[in-house]
Amino acid sequence: MKGGKAVLQALKKNHVEVMFGIPGGVVIPFYDELHKEPAVKHILVRHEQGGAHMAEGYAKATGRVGTCLGTSGPGATNLVTGIADAFMDSVPIVAFGGQVSTPFIGKDAFQEADLMGVTTPITKHNFQITDPNDIEAVIDAAYFIASTNRPGPVYIDLPKDVQQKEVTKPNTLKLKGYKVVSGFDAEAVKQAAKMMLEAQRPVILAGGGAVHADCSAELRQLAEICMIPVACTLNGKGLFDELHPLSLGMTGMHGQPPAVYAIQRCDLLFTVGIRFDDRVTGNLESFAPEAKVIHIEIDPSEIHKNRKAELGILGNAKEVLAELVKVVKKMQWKNKAWNDKLKQMQKEYTEDINIDSNPIDPRKLMYELQKVFTYDTIVTTGVGEHQMDVAHFIKFSKPRRFITSGGLGTMGFGMPAAIGAKLGMPENEVFNVDGDGSFAMTLQELATAKVNGIKVINVIMNNGYLGMVRAWNDMFYEGRRSQVWLGKIPNFEKIAQAYELQGISVDRPSEISEALQAAIKNDETSVIDVHVKADAIVLPIVPAGASNSDMMGARIPRGYFNQ
Amino acid sequence: MQTNNSNNSRKKFFLKMIVDNQKGVMARIATLLARKGYNIKSVCVGSHLEEGEASIILIIMGEDLEVEVAKNTLGKLVNVISIEKLEENEIVQREDILLKVKKSVDLEKKIAPFGARISGHTHEFAIIELLDHPDKVEEFIEFAKKELGVIDISRSGANMMAI
């Protein structure tokens, strides 16, 4: 059979249910095979970046590997932002880029680009297939690498002639340098239990890695047995039910002050699947200054990278926590004073965000959204103030429900990610809470949603600005707003209508609820354009480079972090 | 990275990697080293025992934990089969250099105390070779620059083997 067909067979073999792509000159041989036998569902997107984010949204929602494809040259370079985003958030995707026929590689041919060179620093690994007999083995390897250990993107360069030539005798591929992490140090687990028992002020911090490990149940057991409060990072939201009495909520730059306080004052920081990212830690020198750190992690290069751990445990978090639960069951726990203090701080920090002022306060929008979200609603976001509002105000009870671009912070992620998530989880309602700046970057995918009948509810927090940048101009650059006014253009209600979809404009707080209900009842994608007040600032905030103990906010009095 | 000592505890470490010698493997390693900004002093590459495998010796300066993280980061590359971290007291080190100098009458006598020898010559130039511990090689290069008039030099990169 021809190479193109071998690619299709290999995708099927690797349980690819859906792929997101756009055909072009050098990948027509593959698309021809797809036409002859539609072995994999293919969604035609409108920009390859949209396709890459759809693959990410699918992967983040389901835990399975996402798949996207672009033709050579600009098609493949358009995938790069999505690949880099997947690399930063450890999202398992396989991205295929067409390539010019092998004799033309390196000759500056039409639509040629060195994607191997471009993607090397932003992928777990990449392959260029030069022999059709390697197709099956390489694609098997790609899905294997993407989905094991710390997940991540894999890129495959697929030249045109390789798709056209015949497969004669499939080769095998040995991944000599890649081993799946298995097992863990049982003594270290006993040591961890001992450290937890001795701690007076312990805190658990769970991140994106814990979501990949699927260890919700084990972490809950551990927290409940030991009575240790649990905070999360942006990518860890929902792994531990944020409505649970032991939940401190999200920590970090725009986190909950009691969570930030707890970590700054704890004497034991028990971390699962985090990488001590600067948005979480603030200034590293002054992060959790009194704490001994236990770091449960599957990627050996993360342990001690940003913060020396007193105890690093290399292994799969699900397995490590299951063992730890067995060990701690036999111990006596008593953290009452610490827990009571934190509970009191949380109670004092709660605010009523059902604010009816005009123009609409973003917090009112968050209030209305939380009312219509269930445990199974999937929420994606773009990047900016709206994203931090969702992260700060909205509580999630299950993992893989809050899907956002964390590490790379890619504007335009929201809607395509929502489309991918919906395809992976068709029974769940999917909301994209976006900003006017972010939404405009990938809104062409409204066509993809319409033509394929994929329902996503888009709620745009429209303030006419690149809000987060404007906020920083106001807070740290003495109000010098440089190139942040977008002009309140376009009219997103009319944009939706141009795509033959439902568009609703909301200008008053009382209209929000009705608009949301209309979108929920609708069978198709909607766009709700919510005009909010133009100069909101997301508070509280730890300014970039500052210590977490210098978190600023209206309801954070002096001495808050010293109490 | 948070460190516990205030004094400078940077040391010389040796990373020995065995890699799957696929097309582009050196480019991958170079890209990663550049991206992470590691303080690499020297590289030595050659084929290893098994067909299709190569060994790469890197000399890296840093603190113990920092270099441990670097080792684990390089180890994550799919083409890297194994990697170990060694210190000066655990190994034998050698470097090979070739220098081109203007021929002079008592050249051989001058370079003999260093254990260097003449490997080739024309009527005008001589090529000197020295194979020794990198520190001795450095001493010889300083001497040669001062006393012999060095026209060209080519260093092999420091090689090492665990004892």
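This text follows the structure it describes.
Residues numbered from 1 in each chain as written. Chains lettered and ligands numbered in written order. Predicted model: local features only at pLDDT ≥ 70, side-chain atom pairs only at ≥ 80, totals over all residues. Heavy atoms only, no water.

### Examining the overall build of chain B
Logical step 1: Per the secondary structure count, chain B includes 4 helices and 9 strands.
Logical step 2: Starting at the N terminus, the α and β elements of chain B follow one another as β-α-β-β-α-β-β-α-β-β-α-β-β.
Logical step 3: Taken along its principal axes, the extent of the C-alpha atoms in chain B is 55 × 45 × 30 Å.
Logical step 4: The burial tally for chain B puts 38% of its 163 residues in the buried class.
Logical step 5: Across chain B, the fraction of contacts at a sequence separation of at least 24, relative to all contacts at a separation of at least 6, is 70%.
Logical step 6: Working note: accessible area of chain B is about 9,200 Å², and carbon and sulfur atoms make up 49% of it.
Logical step 7: Across chain B, 23 positive and 25 negative side-chain charges occur, with their mean positions spaced 4 Å apart. (Helix = DSSP H or I, 4+ residues; strand = E, 2+ residues; numbered from the N terminus. Buried < 20%, exposed > 50% of the residue type's maximum accessible area, 1.4 Å probe, protein only. Contact = heavy atoms within 4.5 Å. Areas by Shrake-Rupley, 256 points an atom, 1.4 Å probe, with all protein chains shown as cover. Lys, Arg positive; Asp, Glu negative; His and termini not counted. Charge placed at Lys NZ, Arg CZ, Asp CG, Glu CD.)

### Concerning the packing of helix 1 (residues 3–13) of chain A against helix 2 (residues 28–36) of chain A
Residues and elements named next belong to chain A.
Logical step 1: Between helix 1 and helix 2, the least distance of the axes is 8 Å, while the angle of their chain directions is 60°. If you check the angle between helix 1 and helix 2, you find them oblique. Note on packing geometry: the crossing formed by helix 1 with helix 2 is right-handed. Contact residues: helix 1 offers Gly-4, Lys-5, Val-7, Leu-8 and Leu-11, while helix 2 offers Phe-30, Glu-33 and Leu-34.
Logical step 2: Here the contact of helix 1 with helix 2 is composed, by residue class, of 5 nonpolar, 1 polar and 2 charged. (Axes fitted to C-alpha atoms, helices over the stretch in contact; angles between N-to-C directions. Parallel < 35°, antiparallel > 145°, perpendicular 65-115°, else oblique. Left-handed = near helix turned anticlockwise from the far one by under 90°. Nonpolar A, V, L, I, M, F, W, Y, C, P; charged D, E, K, R; others polar.)

### Some words on unusual backbone geometry
Residues and elements named next belong to chain A.
Logical step 1: Cis rather than trans, the peptide bond between Asn-358 and Pro-359 has omega equal to -5°.
Logical step 2: With respect to the helices and strands, the residue Pro-359 is situated in the loop between helix 15 (336–349) and helix 16 (362–372).
Logical step 3: Following Ile-489, the chain continues into Pro-490 via a peptide bond in cis, with omega recorded as 0°.
Logical step 4: Secondary-structure assignment places Pro-490 in the loop between helix 21 (467–476) and helix 22 (492–498).
Logical step 5: The phi angle at Asp-214 is positive, at roughly 60°, despite the residue not being glycine.

### A closer look at the pairing of strand 1 (residues 18–21) of chain A
All names here are of chain A.
Logical step 1: What you see with strand 1 is no split at all: Val-18 and Phe-20 on one side and Met-19 and Gly-21 on the other are buried throughout.
Logical step 2: As paired elements, strand 1 and strand 2 (residues 41–44) share 4 bridges and run parallel to each other. Considered in strand 2, the bridge of Val-18 is made with Lys-41.
Logical step 3: Handedness of the β-α-β unit built from strand 1, helix 2 and strand 2 comes out right-handed. (Pairing = 2+ DSSP bridges. Right-handed = clockwise from strand over helix to strand, strands pointing away.)

### Points about empty space enclosed by the protein
Picture a little ball the size of a water molecule; that probe, rolled over the atoms, points out where space is still empty.
Residue and element names in this part refer to chain A.
Logical step 1: Per the stated rule, a full pass over the model turns up 1 cavity of 30 Å³ or more.
Logical step 2: If you add up the space inside the largest cavity, you get close to 30 Å³.
Logical step 3: If you go around the largest cavity, the residues you meet are Val-230, Ala-231, Cys-232, Phe-240, Glu-242, Ser-247 and Gly-249.
Logical step 4: For the lining of the largest cavity, the element with the highest residue contribution is strand 8 (residues 230–232), accounting for 3 residues.
Logical step 5: Taken together, the residues of the lining of the largest cavity sort by class into 4 nonpolar, 2 polar and 1 charged. (1 Å grid on protein atoms, 1.4 Å probe; cavity = no way out; pocket = protein on both sides within 12 Å on 5 of 7 lines; lining within 4 Å. Points joined across faces, edges and corners; volume = space filled by probe spheres on them.)

### Here we look at the sheet that holds strand 2 (residues 39–47) of chain B
Residues and elements named next belong to chain B.
Logical step 1: Read across the sheet, 4 strands follow the order 2-3-1-4 without closing on themselves; strand pairing throughout is antiparallel. Each having just a single partner strand, strand 2 and strand 4 (80–87) make up the two edges of the open sheet. Pairwise comparison of adjacent strand axes, ignoring direction, gives a mean angle of 15° for this sheet.
Logical step 2: Bridging between strand 2 and strand 3 (residues 53–62) involves 8 bridges; their strand directions are antiparallel. In the sheet register, Gly-46 faces strand 3, and the bridge partner there is Ser-55.
Logical step 3: Along the sheet, helix 1 (residues 25–36) makes contact with strand 1 (11–20), strand 2 and strand 3, crossing strand 1 at roughly 145°.

### Points about the packing of aromatic side chains
Logical step 1: For the structure on display, the rule yields 14 aromatic pairs over all chains.
Logical step 2: With a centroid separation of 5.8 Å and an interplanar angle of 75°, the aromatic rings of A:Phe144 and A:Tyr178 are classed as edge-to-face. With A:Phe144 in helix 7 (residues 135–147) and A:Tyr178 in the loop between helix 8 (160–164) and helix 9 (186–198), this pair connects stretches of sequence that are 34 residues apart.
Logical step 3: The interplanar angle of 35° and the centroid separation of 4.8 Å between the aromatic rings of B:Phe114 and B:Phe143 together place this pair among those described as tilted. Of this pair, B:Phe114 sits in the loop between helix 3 (107–111) and strand 6 (117–121) while B:Phe143 sits in helix 4 (residues 134–147), and the two are 29 residues apart along the sequence. (Phe/Tyr/Trp six-rings, centres within 6.5 Å; stacked < 30°, edge-to-face > 60°.)

### Observations regarding the interface of chain B and chain A
Logical step 1: Facing 21 residues of chain B, the contacting portion of chain A comprises 25 residues.
Logical step 2: Between chain B and chain A, roughly 1,900 Å² of surface is buried when both sides are summed, and carbon and sulfur atoms account for 54% of that area.
Logical step 3: Counting across the interface, chain B meets chain A through 2 salt bridges.
Logical step 4: Here B:Glu53 ties to A:Lys176 by a salt bridge, and the two come within 3.1 Å at their closest N and O atoms.
Logical step 5: Run the count over chain B and chain A and you get 7 residue pairs in polar contact (both at pLDDT 80 or more).
Logical step 6: When residues of the side of chain B that touches chain A are traced back to their parent elements, those giving at least two are helix 1, helix 2 (64–76) and strand 4 of chain B.
Logical step 7: No other element matches the 6 residues that helix 2 of chain B contributes to the side of chain B that touches chain A. (Buried area = accessible area lost by both parts, 1.4 Å probe. Salt bridge = Lys/Arg side-chain N within 4 Å of Asp/Glu carboxyl O. Polar contact = N/O pair within 3.5 Å; in protein donor to acceptor, adjacent residues only side chain to side chain.)

### Some thoughts on the sheet that holds strand 13 (residues 378–381) of chain A
All names here are of chain A.
Logical step 1: Strands sit in the order 14-13-15-16-18-17 across an open sheet of 6 strands; the sheet is parallel. The open sheet has two free edges, formed respectively by strand 14 (402–403) and strand 17 (502–506), since each of these has just one partner strand.
Logical step 2: Two strands pair when backbone bridges link them, and strand 17 and strand 18 (residues 526–531) are joined in this way by 5 bridges, in the parallel orientation. Paired with Val-506 across the bridge in strand 18 is Val-530.

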